[in-house]
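# Commentary on secondary and tertiary structure
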Amino acid sequence: MNMLTTLRPERDHKKPAARWSPIYHGLRDAIVSHRLAPGTKLPEDELASIYSVSRTVIRAALQALAHDWLVRLEPNRGAFVAQPSPKEAREVFEARALIEPRVAALAAQVARTEDVTLLRGHLEREHAALDAGRDSDAIMLSAMFHVGVAEIADQSVLTGFVRDLVSHSSLIIALYWRRRDTTCESHAHHALVDAIEAGDSDTAAQLMKDHLHDLLSGLDLNRTGRKPENLADILS
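Residues numbered from 1 in each chain as written. Predicted model: local features only at pLDDT ≥ 70, side-chain atom pairs only at ≥ 80, totals over all residues. Heavy atoms only, no water.

### Observations regarding helix α9 (residues 201-217)
Here α9 is 17 residues long and its end C-alpha atoms lie 24 Å apart, about the 24 Å a rise of 1.5 Å per residue gives. Within α9, the full set of buried residues consists of S201, A204, A205, M208, H211, L212 and L215. For α9, the buried positions fall inside an angular range of 125° around the axis, keeping them on one side. Structural note: α9 exposes D202 and H213 on the side pointing more than 90 degrees away from its buried face. Buried residues belonging to α9 abut α4 (86-110), α6 (135-153), α7 (156-176) and α8 (188-198). (Helix = DSSP H or I, 4+ residues; strand = E, 2+ residues; numbered from the N terminus. Expected span 1.5 Å × (residues − 1). Buried < 20%, exposed > 50% of the residue type's maximum accessible area, 1.4 Å probe, protein only. Arc of directions from axis to C-beta. Contact = heavy atoms within 4.5 Å.)

What follows is the structure in structure tokens.
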């Protein structure tokens, strides 16, 4: 079995932070907290002035955000905060509901004690972020949990699908959530870890299916956007 990497806290400290990392986190938090509205244009020159860095650094941050589906890059037009439609949101969660219950079942069949320990430690970080009001971190940690379950299943192709889908889901949840616990229902992840630890693949699959249904039902897909505001006022 491959070494589980996604849920290891030390993974974030192996390399010095890139120069674009503070800009990435600042923009990510502004997007996830709804301070930057979907569709907002993100001009490189204006962001470079706000953050007092070069456009090259800004471009690297925007590319990282685009990789995480938070920003849309358009040739000859620039970067914009991504704006997934309600239809796209439903399609993403339908795809997750097809893949992730199977992944959870596979994880339950092969999980080791070390894997379960990492999952439980990760849940503590996830709930601490939510309790502290760090909504952006809570959403990202919830996404990492799902990728971690896929890694335990030791299915590299399925892990790639899950990683892509949950990254896409993070913006959808951030834009459309109507309850703060949308990131993680009260005991959904804990119950799933219990099933994985017990080796109960049928229960793990059902819990994952129910959890994804709850996530989708916790979104307000009728929410309308608001007009973009001044970037400097939002990010300063």
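Moving on from the model shown.
### Let's talk about helix α1 (residues 21-32)
Taking 1.5 Å as the rise per residue, α1 with twelve residues should run 16 Å; its terminal C-alpha atoms sit 16 Å apart, in good agreement. All of the buried residues along α1 are S21, I23, Y24, L27, R28, A30, I31 and V32. Following α1 by one or two positions, H34 has its phi on the positive side, about 75°.

### Looking at the environment of L207
Counting through the fold element by element, L207 comes out in helix α9. Separated by 15 residues in sequence, L207 and L192 have C-alpha atoms that sit 6.1 Å apart. If we ignore the near neighbours within four places in the chain, the residues touching L207 are A191, L192 and A195.

### Examining the nonpolar core
The biggest cluster of nonpolar side chains holds 72 residues, and the ones touching the most others in it are L36 and L42. In terms of residues, this core owes the most to one element, α6, which gives twelve residues. Residue contacts for L42: discarding those within four places in its chain leaves L36, L47, L62, V71, A79, F80, V81 and L231. (Core = buried A, V, L, I, M, F, W, Y, C linked by side-chain atoms within 4.5 Å.)

### Quick look at the pattern of salt bridges
Scanning all chains against the criterion turns up eleven salt bridges. Of the charged contacts, one joins R59 and E44 as a salt bridge, the two residues approaching to 2.9 Å between their closest N and O atoms. Within this pair, whereas R59 is found in helix α3 (residues 55-67), its partner E44 is found in helix α2 (residues 44-51), the two being separated by 15 residues in sequence. Measuring nitrogen to oxygen at the nearest pair gives 2.5 Å for the salt bridge that ties R72 to E74. Connected via shared salt-bridge partners are E44, R55 and R59. (Salt bridge = Lys/Arg side-chain N within 4 Å of Asp/Glu carboxyl O.)

### Points about the packing of aromatic side chains
According to the stated counting rule, one finds one aromatic pair in the structure shown. Arranged with centres 6.0 Å apart and planes meeting at 75°, the rings of W20 and Y24 form a pair that is edge-to-face. A relative accessible area of 31% means that W20 is categorised as partly exposed. (Phe/Tyr/Trp six-rings, centres within 6.5 Å; stacked < 30°, edge-to-face > 60°.)

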